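Next come the chains, spelled out residue by residue.
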Amino acid sequence: MPDKLDKIIESKKLLLPILTEIQDRDGYISEDNVRQLSKKTKIPLSEIYGVATFYSFLTTKPEGRNIIHICNSPSCYVNGSLNIIEFIEKELGIKSGQTTEDKLFTLHIGSCIGCCDKAPAMLLNGEVHDKLTEKKIKGIIKKCRS
Amino acid sequence: MQITLNGNKVECEKGKTILEIAQDNDIRIPTLCWQEDFHPEARCRICLVEVNGKLMPSCSTKIQKDMQIETETEKVKKTRRMNLELMMADHLKSCFIDTSNHELCRIVAEEGIKNIRFEPKKQHGKDTSGRAVVRDPNKCISCGRCVQACRDTQNITAIDFAYRGHKSKVTPYFEKDLHKTYCIKCGQCILSCPVEAIVEQDHTEQVIKHLADPKKHVVVQTAPAIRASLGEEFGNKPGTLVKGRMVAAAKALGFDRVFDTNLGADLTIIEEANELIDRVKNNSPLPMFTSCCPGWIKYVEHFRHDLIPHLSTCKSPHEMLGVLVKTYYAEKQGINPEDIIVVSIMPCTAKKFESAREELGNDVDYVLTTREFAKLIKLKNIDFNQLDEQDFDDPLGISTGAAALFGATGGVMEAALRTAYETATGKSLAKLEFDQVRGTEAIKNGSIHINNIEVKFGVAHGMMNACELLESYKDYHFIEIMACPGGCIGGGGQPIPTTWEIKKKRIEAIYNEDAGLSLRKSHENPVLKKIYEEFLGDIGGTKAHKLLHTGYVEREL
Ligand code: SF4
Ligand code: SF4
Ligand code: FES
Ligand code: FES
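Predicted, not measured: the structure shown is a model, and the values here were computed from it.

In this section: the site of ligand 2. Near ligand 2, the surroundings consist of 13 residues, among which B:Cys140, B:Cys143, B:Gly144, B:Cys146 and B:Cys193 are the closest. Looking at the shell around ligand 2 residue by residue, the classes come out as 10 nonpolar, two polar and one charged.

Structure below.
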C-alpha cells in the first residue's frame, strides 16, 4: 500500500490529481491515506482535508455501490428538485453525503450537471436520469435493489 | 498619483491599497477579515467601497490613477449592513451587540444595526474538551483570520477551510477536535479571532473554588512576560511594567503566597547552561535547543522526531518553580504537598497543555492566561490601578535581570550565554548585553568564544521563522526557539490586541526591567545558591536531574 501511494504521488505530482487517483482506486479518501499523503508531501493534513471536501467528486467517507448525485441548482430547483430530494431521502432513509447501511446507496446533493432543459435531473453511477418524478425514482431504486 | 476620495483630491503613493489610503486620511472603513501584516484575502466584504460606481473590497484593491472612491454611499451602506447581518446570524444571535466586546459585534453596533433579518445557516457541534485551546464553531463567521495565523505565521495549518458554498467551515482535518490533532496550542489563532470562536480553555472557576477552600494552600506564580502586558487589560499604555500592582492584585485575590516564575527562570538557566557546557565537552547531540516553549516542544514531538535528542532536558521555568514549591517549600513550611495548589499565570495557552503532561506530574495544577488573570481581578472588583505596589513573597520571590529577559525573543539565549560564559571561564563578561540576539528580526545569530571554543548560537521566534532556521540548524551549537512571534510577550494568552507595535513596547519594558536590576546573572541569584546548598545538591546532579529535568515523547501526526 504505502509504495503504491508513492507511485501515485510520483506520477501525479499535484494534490488534486493525486486525490482523484486515490478516489478512483478506493472509492473514497480515507483518513489514513490523507495522513500518509501529508507525511510524504509535507502538505498539512487539514489543508488536504480542505481540498478533499471542496470538490464534490471527491469523498472522505466510504461510498455505497450505487452513487446518486441529485442536482439542486436553479433550473432543477424551480422544477421541484426539493420535493424529489425529500422523496429520495425518505425512500433510502439517508441524507446528503450519507450511505445506506446495506452499502447499496450513497446520496449526494450537488450543483448543475448540465441537464437544465430536462430538470429535475440526477446522475446514477454517472448516468443521467432526467425529468424526474416520484414514480420514476421508485422504479430506479427498485431496479438497483433487485 | 492622484485619486478622489469622498470628493476630495488626494495625493497618494503607488502600491497602497484603498484601505491604507483611507486610514492615512482618517477615514473610517470597517474591516473584519483583514489583519495587519497578512496578505488580504477579501473574504468578508465588510470593507466595501464604491470605485467608479462599482463595489470593491478596499482591503485588497490597490489604488490606481484617477480612481473615484466613495466610502459611504447608500449602496455601500446597504451592502455592508447585509453582509454584517448575514455574519451576525451565523455568530450567535444571543451574543448580541451592546454588551459584547467582539470586533464583529462592535462594528454591528457602530452601524446601528438593531435586528438581524437572517437565520443562522447551520448548527455545529462544539469542540470544547481540549485542555488548552477550544472552539465554538457556532460563533465562527468564517473570516479566515485564524487560518491565516495558523498557516502564515505558524506554518502549522491545524485548521483550514473545508467544504464549499453554504457548507464551508473552518475545521481541523476530518472534523476532529483540535486537541486530537497536531495543533501546537500556541494560541495565535485566538489572538486573531474577532468573535471569540476560538479561545483558551477556561480554568478560572476551578481556581476560584480552590481560593475559597481554607484547607488548600494556594500558591500563584507569574511569568516574566505578564508584568509587561497585564496593565493593558486595565487601560495602561503598552509597555507599562506593573510588577508591584500585579503582586498586590494576586494577594487581594486571596492567594496564600505569590512567587515569581523568574526565580524558576534563573534555575532553568543554571541547569541549561550547565547542560550546554556538558554537551559541548562530551559532544553529545548538538545543537542543543531550548525547551521552555511548550508549543515548540509539541511541534518537535509531532513533526521532528529526529530532533528530540537535541532538546534540552530542562523543565520550563514555571514547572521548575512548581516542583520546588511542592518539595523544598512544602518541606520547609511543614505543609503536606497534597494540600498545595500551584497556579501559574502565563502569557501562553500551550502552558495549559504542558501542565497536564504526564511526565510533569502535578507540580503545576492550573495555568491561567494573562487574560484569565485579568478576568479574575475584574470579577473581584479590584481596582487594579489604585493598588499599592507589593513585593513577591519569600523565599521564592527573588530573581535576576537575566530571568526578566525570558519574556522577549532572544532573552533565554542572552541569559544562558551570560551564565555559560561566566561559569565555564571563571571570568566576568565586560558587557552583559548580547545585541546580536535582541530585536525582532525573524532569525538572529552570533557566536562567542568560551575557553577557545567558538560557540555559535541562533534564535528564531514564530514557527514559520523557526522552520526556516531548522533548514540550517546544524550550523549552530545552541538554538533558542519560541513558537510565538516576539517570544512570550506575543504569546497566545496575552491581552488582545497583540500587534507588533504593542509587542515592541512590551519588549522594551522587559529590557528596562533587566537594566534596572542590580543582579543580572542567573548564577548570582542568592536564593538559588542557598537552595542548591541546602536541598538540590550539585548543579546537574542526581537530585537536580530527578526534579528539574524531563523527557519527551514521539507523537503521531
Ligand atoms: S493553537 Fe496554534 S497551532 Fe493550534 S490552531 Fe491555533 S494557531 Fe494553529
Ligand atoms: S474561528 Fe474566528 S478567526 Fe477563525 S474563521 Fe471563525 S471567526 Fe474567523
Ligand atoms: S440546474 Fe439541474 S442540471 Fe442544471
Ligand atoms: S476586510 Fe476587506 S474583505 Fe474583509
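Still more to cover.
What links the strands of a sheet is backbone hydrogen bonding, and the strands pair in either a parallel or an antiparallel sense. Residue and element names in this part refer to chain A. Read across the sheet, four strands follow the order 2-1-3-4 without closing on themselves; strand pairing throughout is mixed. Looking along the sheet, the strands with just one partner apiece sit at the ends: strand 2 (105-110) and strand 4 (127-129). Within the sheet, the average angular offset between the axes of one strand and its neighbour, ignoring direction, is 25°. Sheet topology note: the strand 3 (residues 122-124)/strand 4 ladder contains three bridges and is antiparallel.

Around ligand 1, the neighbouring residues are B:Cys150, B:Ile156, B:Ala158, B:Ile159, B:Cys183, B:Ile184, B:Lys185, B:Cys186, B:Gly187 and B:Cys189. Looking at the shell around ligand 1, its residues break down into eight nonpolar, one polar and one charged.

All names here are of chain B. Only one face of strand 15 (residues 443-450) is buried: it carries Lys444, Gly446, Ile448 and Ile450, and the other face, with Ile443, Asn445, Ser447 and His449, is open. Looking at chain direction, strand 15 and strand 16 (residues 453-461) are connected through eight bridges and run antiparallel. Counted as the bridge partner of Asn445 is Gly458 from strand 16. Remark: two residues form the turn of the hairpin made by strand 15 and strand 16, two consecutive strands paired antiparallel; Asn451 in that turn has positive phi of roughly 50°.

What follows covers the nonpolar core. All names here are of chain B. Of all hydrophobic cores here, the largest spans 90 residues; its most connected members are Phe289, Trp296, Tyr299 and Met463. Per-element accounting of this core gives the leading share, seven residues, to helix 14 (residues 411-425). Other than its neighbours up to four places away in sequence, Tyr299 contacts Ile156, Ile184, Arg304, Met463, Cys467 and Leu470. Among the nonpolar cores identified, the runner-up in size contains 60 residues, and Cys314, Leu324, Leu396 and Ile531 belong to it.

An α-helical turn contains 3.6 residues, so a residue and the one three or four places further along point in the same direction. Residue and element names in this part refer to chain B. Listed as buried for helix 3 (residues 103-110) are Leu104, Cys105, Ile107 and Val108. Viewed end-on, helix 3 has its buried residues packed into an arc of 160°, placing them on one side of the element. Positive backbone phi, approximately 70°, marks Gly112, located one or two places after helix 3.

On to the interface of chain A and chain B, then. Across the contact, 17 residues belong to chain A and 18 residues belong to chain B. Taken together, both faces of the contact between chain A and chain B bury some 1600 Å²; the carbon and sulfur share is 58%. By the criterion of area lost to chain B, the three top residues of chain A are A:Ser46, A:Tyr49 and A:Phe54, representing 37% of everything that side buries. Taken together, chain A and chain B are joined by two salt bridges.

A word on the state of the cysteines. Inspection of the entire model under this criterion finds zero disulfides over all chains. For B:Cys292, which is in no disulfide, the shortest distance to another cysteine sulfur is to B:Cys488 and amounts to 7.2 Å.

Residues and elements named next belong to chain B. Strand order across the open sheet formed by four strands is 11-10-13-14, with parallel pairing between neighbours. Sheet topology places strand 11 (257-260) and strand 14 (366-369) at the edges, where each strand pairs with a single neighbour. Along the sheet, successive strands turn relative to each other by an average axial angle of 25°, direction set aside. With four bridges connecting them, strand 13 (residues 340-346) and strand 14 associate as parallel partners. Among the inter-strand pairings, Met346 is bridged to a residue of strand 14, identified as Thr369. Docked against the sheet, helix 6 (residues 204-211) engages strand 10 (217-222), strand 13 and strand 14, running at close to 120° with respect to strand 14.

Moving on: the packing of aromatic side chains. Overall, the coordinates contain 14 aromatic pairs over all chains when judged by the stated rule. Between the aromatic rings of B:Phe289 and B:Tyr473, the centroid separation amounts to 6.1 Å while the plane-to-plane angle is 40°, which identifies the pairing as tilted. Here B:Phe289, found in strand 12 (residues 288-289), pairs with B:Tyr473, found in the loop between helix 15 (463-470) and strand 17 (478-482); they are 184 residues apart in sequence, far enough to count as distant. Across the pair, exposure class does not vary: B:Phe289 and B:Tyr473 are buried alike. The ring of A:Phe54 is capped by B:Arg164, whose NZ or CZ atom sits 4.1 Å from the centre of that ring. One cation-aromatic arrangement involves B:Lys378 over B:Phe234; the distance from NZ or CZ to the ring centre is 5.4 Å.

The two faces of a sheet get side chains in turn, since along a regular strand they alternate between them. Of the two faces of strand 14 of chain B, the one lined by B:Tyr366 and B:Leu368 and the one lined by B:Val367 and B:Thr369 are each fully buried. Between the parallel elements strand 13 of chain B and strand 14 of chain B, the chain passes through helix 11 (residues 350-355) of chain B in a crossover that is right-handed.

It is worth spelling out a nonpolar patch on the surface at this point. Residue and element names in this part refer to chain A. Taken together, the side chains of Tyr77, Val78 and Leu82 present a nonpolar region at the surface, about 320 Å² in accessible area. Tracing the backbone shows Val78 in helix 5 (residues 74-78). Residue Val78 is classed as exposed on the basis of its relative accessible area of 66%.

Residues and elements named next belong to chain B. Across all of its chains, the model carries 50 salt bridges over all chains by this definition. Among the salt bridges present, the one from Lys65 reaches Asp66, with a minimum N-O distance of 3.9 Å. The class for Asp66 is partly exposed, based on a relative accessible area of 48%. What emerges from the salt-bridge pattern is a single network uniting Glu414, Arg418, Glu433, Arg438, Asp514 and Arg520.

Another aspect to go through is the domain arrangement of chain A. Here chain A is partitioned into domain 1 (4-54) and domain 2 (66-145). Relative to domain 2 of chain A, the C-alpha centre of domain 1 of chain A lies at a distance of 28 Å.

Residues and elements named next belong to chain B. The topology assignment puts Lys352 in helix 11. We classify Lys352 as buried; its relative accessible area is 0%. For Lys352, the contacting residues outside a window of four places in its chain are Arg131, Ala132, Glu200, Gln201, His203, Val367, Leu368, Thr369 and Glu372.

Residues and elements named next belong to chain B. Taken domain by domain, chain B comprises domain 1 (2-80), domain 2 (133-200) and domain 3 (205-548). Facing eight residues of domain 1, the contacting portion of domain 2 comprises 13 residues. Where domain 1 abuts domain 2, roughly 820 Å² becomes buried across the two surfaces, and 48% of that area is made up of carbon and sulfur atoms. Our count for the domain 1 to domain 2 interface comes out at one salt bridge. Between Glu41 and Arg151 there is a salt bridge, with its nearest N and O atoms 2.8 Å apart. Partitioned by chemical class, the residues of the side of domain 1 that touches domain 2 number four nonpolar, two polar and two charged.

Before going further, it helps to spend a moment on the packing of helix 8 (residues 261-282) of chain B against helix 17 (residues 526-536) of chain B. Residues and elements named next belong to chain B. In contact at an axis separation of 10 Å, helix 8 and helix 17 are set at 70° when each is read in the N-to-C sense. Taken as axis vectors, helix 8 and helix 17 run roughly perpendicular relative to one another. When you trace helix 8 past helix 17, the crossing you get is right-handed. Together, Leu263, Asp266, Leu267, Ile270 and Glu271 of helix 8 and Val527, Leu528, Tyr532 and Leu536 of helix 17 make up the contact between the two elements. Residues belonging to the contact of helix 8 with helix 17 are distributed by class as follows: seven nonpolar, no polar and two charged.

Calculation notes
- Residues numbered from 1 in each chain as written.
- Chains lettered and ligands numbered in written order.
- Predicted model: local features only at pLDDT ≥ 70, side-chain atom pairs only at ≥ 80, totals over all residues.
- Heavy atoms only, no water.
- Near = heavy atom within 4 Å.
- Nonpolar A, V, L, I, M, F, W, Y, C, P; charged D, E, K, R; others polar.
- Pairing = 2+ DSSP bridges.
- Helix = DSSP H or I, 4+ residues; strand = E, 2+ residues; numbered from the N terminus.
- Axes fitted to C-alpha atoms, helices over the stretch in contact; angles between N-to-C directions.
- Buried < 20%, exposed > 50% of the residue type's maximum accessible area, 1.4 Å probe, protein only.
- Core = buried A, V, L, I, M, F, W, Y, C linked by side-chain atoms within 4.5 Å.
- Contact = heavy atoms within 4.5 Å.
- Arc of directions from axis to C-beta.
- Buried area = accessible area lost by both parts, 1.4 Å probe.
- Salt bridge = Lys/Arg side-chain N within 4 Å of Asp/Glu carboxyl O.
- Disulfide = S-S within 2.5 Å.
- Phe/Tyr/Trp six-rings, centres within 6.5 Å; stacked < 30°, edge-to-face > 60°.
- Lys NZ or Arg CZ within 6 Å of the ring centre and 35° of its normal.
- Right-handed = clockwise from strand over helix to strand, strands pointing away.
- Patch = residues over 30% accessible without salt bridge, like charges linked within 9 Å, V, L, I, M, F, W, Y side chains within 5 Å.
- Areas by Shrake-Rupley, 256 points an atom, 1.4 Å probe, with all protein chains shown as cover.
- Domains from an automatic or database assignment.
- Parallel < 35°, antiparallel > 145°, perpendicular 65-115°, else oblique.
- Left-handed = near helix turned anticlockwise from the far one by under 90°.

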